[in-house]
Amino acid sequence: MIILKDVTKVYKNGSEALKNISLAIPKGQFAFVIGPSGSGKSTLVKMIMREELPTHGEVFVNGYDMFGIRRHQIPAFRRSIGVVFQDFKLLPNKTAYENVEFALQITGINRRDIKKLVPHLLKIVGLSQCTNAYPDELSGGEQQRVALARAIANGPDLLIADEPTGNLDPKTSIGIIELLGKINKMGTTVLVATHDSSIVNRMRKRVIVLDEGRLVDDQMRGHYI
Amino acid sequence: MIILKDVTKVYKNGSEALKNISLAIPKGQFAFVIGPSGSGKSTLVKMIMREELPTHGEVFVNGYDMFGIRRHQIPAFRRSIGVVFQDFKLLPNKTAYENVEFALQITGINRRDIKKLVPHLLKIVGLSQCTNAYPDELSGGEQQRVALARAIANGPDLLIADEPTGNLDPKTSIGIIELLGKINKMGTTVLVATHDSSIVNRMRKRVIVLDEGRLVDDQMRGHYI
Amino acid sequence: MSIANGARIVKESFTNMSRNRVLTITSIFTVFVTLLIIGIFGLFLLNISYNASALDELLDVKIFLIPEADVYTINALNETLNLDEKIISVEYISQEQAYEATKELFDDDMESLGLGADFLPASFVITLKDYEQVDYVVEMYRQYPSIYKVTYHKESFDFTSNYSKWIRNISGALGVVLATLAVLLISNTIRLTVHSRNEEVVIMKYIGATEARIKIPFVIEGGLIGFFGAIISFIVTGFIYVKIYNVFMNSSSDELFLTGLKIAPLQETLLMVFVGFIVLGVILGLVGSLFAIRKHLRV
Amino acid sequence: MSIANGARIVKESFTNMSRNRVLTITSIFTVFVTLLIIGIFGLFLLNISYNASALDELLDVKIFLIPEADVYTINALNETLNLDEKIISVEYISQEQAYEATKELFDDDMESLGLGADFLPASFVITLKDYEQVDYVVEMYRQYPSIYKVTYHKESFDFTSNYSKWIRNISGALGVVLATLAVLLISNTIRLTVHSRNEEVVIMKYIGATEARIKIPFVIEGGLIGFFGAIISFIVTGFIYVKIYNVFMNSSSDELFLTGLKIAPLQETLLMVFVGFIVLGVILGLVGSLFAIRKHLRV
Ligand SMILES: Nc1ncnc2c1ncn2[C@@H]1O[C@H](COP(=O)(O)OP(=O)(O)OP(=O)(O)O)[C@@H](O)[C@H]1O
Ligand SMILES: Nc1ncnc2c1ncn2[C@@H]1O[C@H](COP(=O)(O)OP(=O)(O)OP(=O)(O)O)[C@@H](O)[C@H]1O
Ligand SMILES: [Mg+2]
Ligand SMILES: [Mg+2]
């Protein structure tokens, strides 16, 4: 489902974020990416959703070659992935409800279904009260959960979450990570970049460790050291 | 140093973020504010730095009355506080170096001192390599650390940090929290809003617990339950 | 796109406009001011052209009759002239009238000079529709046996025709320049508006919205901004023009009238302004936002 | 603020401008286009006024001499007229010249009518500096014993004076309208530019920057945007005007010359445009950004 071959990423300003990463994440797997701040976790996520292209190497996701993909195929490709961005990337002029609604609209789901689905998704992430608040009227953790609701909205084949619990208290974090576990059980590949040792240790799933852009460890039932 | 009397905050859209909070944090104290996502931690921070005014009640900080303070006194008041915002609030058109430099410039420190201080501050937070990167070229944790470097730059009387380790791995988090401890030892009042149980439990300092806008617990040598 | 979808997207455009109120109002205001400039100066140029063309009509050709011409000949000629399509107006000046006019000029000294009423010939004064045909007309009537002489002031003709031609050319060129600059101003504003919403566009792309789905609300917003700007400018421009028009129309006795200035007709002019504004505003809004957004879509 | 501080802030303004390149370029471009409109139309209006004033000079007054006037009298009168400050030009038309002119008009029929060269009186044709003094001048010279009669075409005077007065009034009014609308356009653009940097302003306030410290770089940026926009517009406007000026100056023989149109002098006009642009651009940039930012400072 995700294949990285010898991926190196050097940003325009010269910083080397990924160095020779090769990696395969099969369909249906649940994997964590951990590593200290600045080790390249978010860059890895950006490679997978084609927010950035690698400087060297190849990336294949859901059968698409990130270099070969056609411009008009990109939207459909991205709709097959759900992403929780580290900085949330909520649409600032849309309410929590509308942010989730928009993700459903673009898949072409009909309006009746959308009207039922959105409240359901917001309830799952524990946000039933703030549906009509704009992102800047939400607390950090609430924004993060809206981003999660949006990412899982259209049942993506692949769910990528970049520090999805960074702004959440331990109890809510556990709720969220269990939700990701459930989604994974239903067949979705899940990749979580995180630094939250408790959730990594709780799940005992595959753990990929980055350090200074290098893949330094990859354990099938790993834990946070 | 910080006194809240019967503070209630109802935002324009009707959400009640703080309910009847009374609180005093004496000069030189180190205190945590914890509580689930949406419990009002950031709102409390906003009350203290006068980003928002309370709907009812009074707030006194560093001797200033948040209602009585004059418009022209606000900048000096805010310079006496260092704040790490939950969403960082770095100036997008300035590099990491310039963001810290700007905070020093506005205090009127002379250029020679600034030239020495900025690299020193960035080194303290572990960011010596990325001084010339713009915020959108930094990883989440790196941005958070720039925000911290800026907050401590001009030796404030009061340091408020809203989830300062939300995007940091455990090791870096411990480094940061120990830095805050050191700064506190030198006389600065420190208030940290967080959900990171490990740092709270490590420090054994005062812990103020909020839940749904209410102050539900306040222990002098508390821990995260 | 289904109708429900279409309605939803139009609704979204309106919602966006009200949520980006400052941007929207500022842009509409800019479109308004730009079109107002176009309107005021366009109407000014139009009226200059109009008056310049009117100048042409002032030129006249004199047809002097032979002294022997009798009433029947004169009537026949009058009719011929009136039927000639190249001629706009025909005025008959009898020998007596000519004599009186000359007498005035010479302060009644004519009689003392022994000049009688038949000193000057009778004549027709005609004005031509198109001054370029003057040579042809003059040549033609010179053939008539009852016509003694055809005169016109060649230099005045040349002067006036050149003058009005130049004025119309300059006005036309300025109109084109004005319209071009307005296009630049309006599309620039739309560009600024879209630019400051770059973040939204990028987020929409990242979550998999198609380019069309992202563009359409922006394009509709651009069109609406152009439309509202155009409507407001039309109201203001129209109001001003009606006021000025009324001043011209009601000034038959005062000094303005003396100048001989004319004003372009109200209804046709306003219709032209309306159509021009709507086209300029709406099309620029649509196309401007389409182009502005294209750059931001490359992610 | 120390000098070092001042230099730092100016440098910051330049840095900001280059980092907000799209915003800066778009704003400079808008200022440029707006001033270009002002420039082109301002110059057009100026030249209309200029030509309208020139019209006044075309009016002339005829002074007919008594038949008995001898060479000495005529010379003396000629001198008096030439010395009169209210009179711009003086032309003497002898009896013979007047006769020739009339003969041309009547197609040589004069002689057959028995009219000799002394049929018409000699005259001076004078033009006045200020058409409003015509009554006074006419009345004065009527008193002279050697002067038989003083005539002028009252209606032409009234017409021309009104005409040129109206044209100048309208041009002036349009100039004011244009300048006002330009002020609106430019300050609107500055407002959009500042608005899209609201985030920065708010952050600076939160970390304790004084209002002055936040404002000054914005105000300098506004001034620079206005300045660069003004310079570019001046170059383009100046280039266009020089081109047109040369066409006018080199057209002594072709049809443009025939129209009698004149063009306002090059240097004075360009200087005026330069000063106007710099004032309009820079002041609007400074004041516009100052006002635009004030709203965002209230946090
Ligand atoms: N757009 C960019 N331009 C230049 N350098 C970048 C950019 N994005 C990231 N970097 C650099 O690349 C390195 C890896 O960044 P990345 O965001 O992938 O780290 P991360 O593992 O997600 O860290 P964190 O846990 O702090 O979020 C960092 O040193 C960062 O400064
Ligand atoms: N600007 C605002 N307008 C309206 N409501 C707001 C605003 N800011 C916060 N709120 C609401 O107030 C409540 C408290 O928010 P606050 O940001 O203080 O929570 P928090 O404790 O910081 O949460 P987190 O841990 O998720 O950051 C939340 O329910 C939130 O939706
Ligand atoms: Mg990251
Ligand atoms: Mg918070």
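Keep in mind the model is a prediction, meaning the values are calculated, not measured.

Trainee: Before we move on, could you go through the sheet that holds strand S1 (residues 2-10) of chain B and cite the residues and values that matter?
Mentor: Residues and elements named next belong to chain B. What the four strands build is an open sheet, ordered S2-S1-S4-S5; its pairing is antiparallel. The outermost strands of the open sheet, each flanked by one partner alone, are strand S2 (16-25) and strand S5 (64-65). When strand S4 (residues 56-61) meets S5, the two strands line up antiparallel, connected through two bridges. In the sheet register, Val61 faces S5, and the bridge partner there is Tyr64. The strands touched by helix H1 (residues 41-48) are S1, S2 and S4; relative to S1, the strand with the most contacts, the crossing angle is about 120°.

Trainee: Give me the lowdown on the site of ligand 1, citing residues and values where you can.
Mentor: Around ligand 1 sit 21 residues in total, of which Ser42 and Thr43 of chain A together with Ser139, Gly141 and Glu142 of chain B are the nearest. Residues close to ligand 1 are split across chains A and B. Between ligand 1 and Gly38 of chain A there is a distance of 2.7 Å, counted from an oxygen atom to a backbone nitrogen or oxygen. Interatomic distance of 3.2 Å between a backbone N/O atom of Ser39 of chain A and an oxygen atom of ligand 1. Calculation on ligand 1 without its partners gives an accessible area of 630 Å², and the protein chains cover 92% of this total. Elements supplying a minimum of two residues to the shell around ligand 1: helix H1 (41-48) of chain A together with helix H5 (140-153) of chain B. Split into classes, the residues belonging to the shell around ligand 1 amount to three nonpolar, 13 polar and five charged.

Trainee: Please give an account of the packing of aromatic side chains that cites residues and values.
Mentor: Residue and element names in this part refer to chain D. Scanning all chains against the criterion turns up 20 aromatic pairs over all chains. Ring plane angle 35° and centroid distance 5.2 Å describe the contact between Tyr141 and Tyr144, whose orientation is recorded as tilted. The class for Tyr141 is buried, based on a relative accessible area of 1%. According to the relative accessible area criterion, Tyr144 is partly exposed, its value standing at 26%. With a centroid separation of 5.7 Å and an interplanar angle of 65°, the aromatic rings of Phe227 and Phe228 are classed as edge-to-face.

Trainee: Outline the site of ligand 2, listing residues and values.
Mentor: In the region of ligand 2, 21 residues are neighbours, and Ser139, Gly141 and Glu142 of chain A together with Ser42 and Thr43 of chain B sit closest. What surrounds ligand 2 is not a single chain but chains A and B. Contact distances for ligand 2 include 2.7 Å between an oxygen atom and a backbone N or O atom of Gly141 of chain A. In this structure, an oxygen atom belonging to ligand 2 sits 2.7 Å away from a side-chain N or O atom of Glu142 of chain A. Surface burial for ligand 2 is 92%, taken as the share of its 630 Å² of free accessible area covered by protein chains. Broken down by secondary-structure element, the contributors of at least two residues to the shell around ligand 2 are helix H5 (140-152) of chain A together with H1 of chain B. Each residue belonging to the shell around ligand 2 can be placed in one class, and the counts come to three nonpolar, 13 polar and five charged.

Trainee: Outline the coordination of the magnesium ion (ligand 3), supporting the account with residue identities and numerical values.
Mentor: All names here are of chain A. All of the protein donors around the magnesium ion (ligand 3) are Ser42 (OG) and Gln86 (OE1); their distances to the metal are 1.9 to 2.1 Å. Residue Ser42 is found in helix H1, and its partner Gln86 is found in the loop between strand S6 (81-84) and helix H3 (96-105); the two are separated by 44 residues along the sequence. Assessed through its relative accessible area of 16%, Ser42 is described here as buried. By relative accessible area, which is 15% here, Gln86 ends up buried.

Trainee: Can you tell me about the sheet that holds strand S2 (residues 87-93) of chain D, naming the residues and giving the values?
Mentor: All names here are of chain D. Read from one edge to the other, the open sheet built from four strands follows the order S2-S3-S1-S4, with strand pairing classed as antiparallel. Both outer strands of the open sheet, S2 and strand S4 (147-152), are each paired with one neighbouring strand and no more. Taken over all neighbouring pairs, the strand axes of this sheet differ in orientation by 20° on average, direction set aside. Two strands pair when backbone bridges link them, and S2 and strand S3 (residues 123-128) are joined in this way by six bridges, in the antiparallel orientation. Bridge pairing in S3 links Tyr92 to Phe124.

Trainee: Quick one: what's the story with the domain arrangement of chain A, residue by residue and with numbers?
Mentor: Size of an interface, as often reported, equals the accessible area lost when the parts are brought together. All names here are of chain A. The domains assigned to chain A are domain 1 (1-80 + 156-225) and domain 2 (91-153). Of note, the centres of domain 1 and domain 2, computed from C-alpha atoms alone, are 23 Å apart. The interface of domain 1 with domain 2 comprises 14 residues on the first partner and 11 residues on the second. At the boundary of domain 1 with domain 2, total buried surface from both sides reaches about 940 Å², with 74% on carbon and sulfur atoms. Taken as a group, Arg79, Asn167 and Leu179 account for 40% of the area that domain 1 buries against domain 2, more than any other trio of residues on that side. Across the contact surface, domain 1 and domain 2 share zero salt bridges. Summed over the shared surface of domain 1 and domain 2, the result is three residue pairs in polar contact (both at pLDDT 80 or more). Ranked by residues supplied to the side of domain 1 that touches domain 2, first place goes to helix H6 (residues 170-185) with five residues.

Trainee: Please provide a residue-by-residue account of the confidence of the model for chain C, values included.
Mentor: All names here are of chain C. When the pLDDT values of chain C are averaged, the result is 84; 86% of them are 70 or greater. Considering each helix and strand of chain C separately, the mean pLDDT is smallest for helix H10 (residues 255-258), with a value of 55, and largest for helix H8 (residues 198-206), with 94. For this predicted complex, the interface confidence reaches an ipTM of 0.89, while the overall pTM sits at 0.85.

Quick notes on the rules
Residues numbered from 1 in each chain as written. Chains lettered and ligands numbered in written order. Predicted model: local features only at pLDDT ≥ 70, side-chain atom pairs only at ≥ 80, totals over all residues. Heavy atoms only, no water. Pairing = 2+ DSSP bridges. Helix = DSSP H or I, 4+ residues; strand = E, 2+ residues; numbered from the N terminus. Contact = heavy atoms within 4.5 Å. Axes fitted to C-alpha atoms, helices over the stretch in contact; angles between N-to-C directions. Near = heavy atom within 4 Å. Polar contact = N/O pair within 3.5 Å; in protein donor to acceptor, adjacent residues only side chain to side chain. Areas by Shrake-Rupley, 256 points an atom, 1.4 Å probe, with all protein chains shown as cover. Nonpolar A, V, L, I, M, F, W, Y, C, P; charged D, E, K, R; others polar. Phe/Tyr/Trp six-rings, centres within 6.5 Å; stacked < 30°, edge-to-face > 60°. Buried < 20%, exposed > 50% of the residue type's maximum accessible area, 1.4 Å probe, protein only. Donors = N, O, S within 2.8 Å, 3.2 Å for Na, K, Ca; no water. Domains from an automatic or database assignment. Buried area = accessible area lost by both parts, 1.4 Å probe. Salt bridge = Lys/Arg side-chain N within 4 Å of Asp/Glu carboxyl O. pLDDT = per-residue confidence, 0-100.

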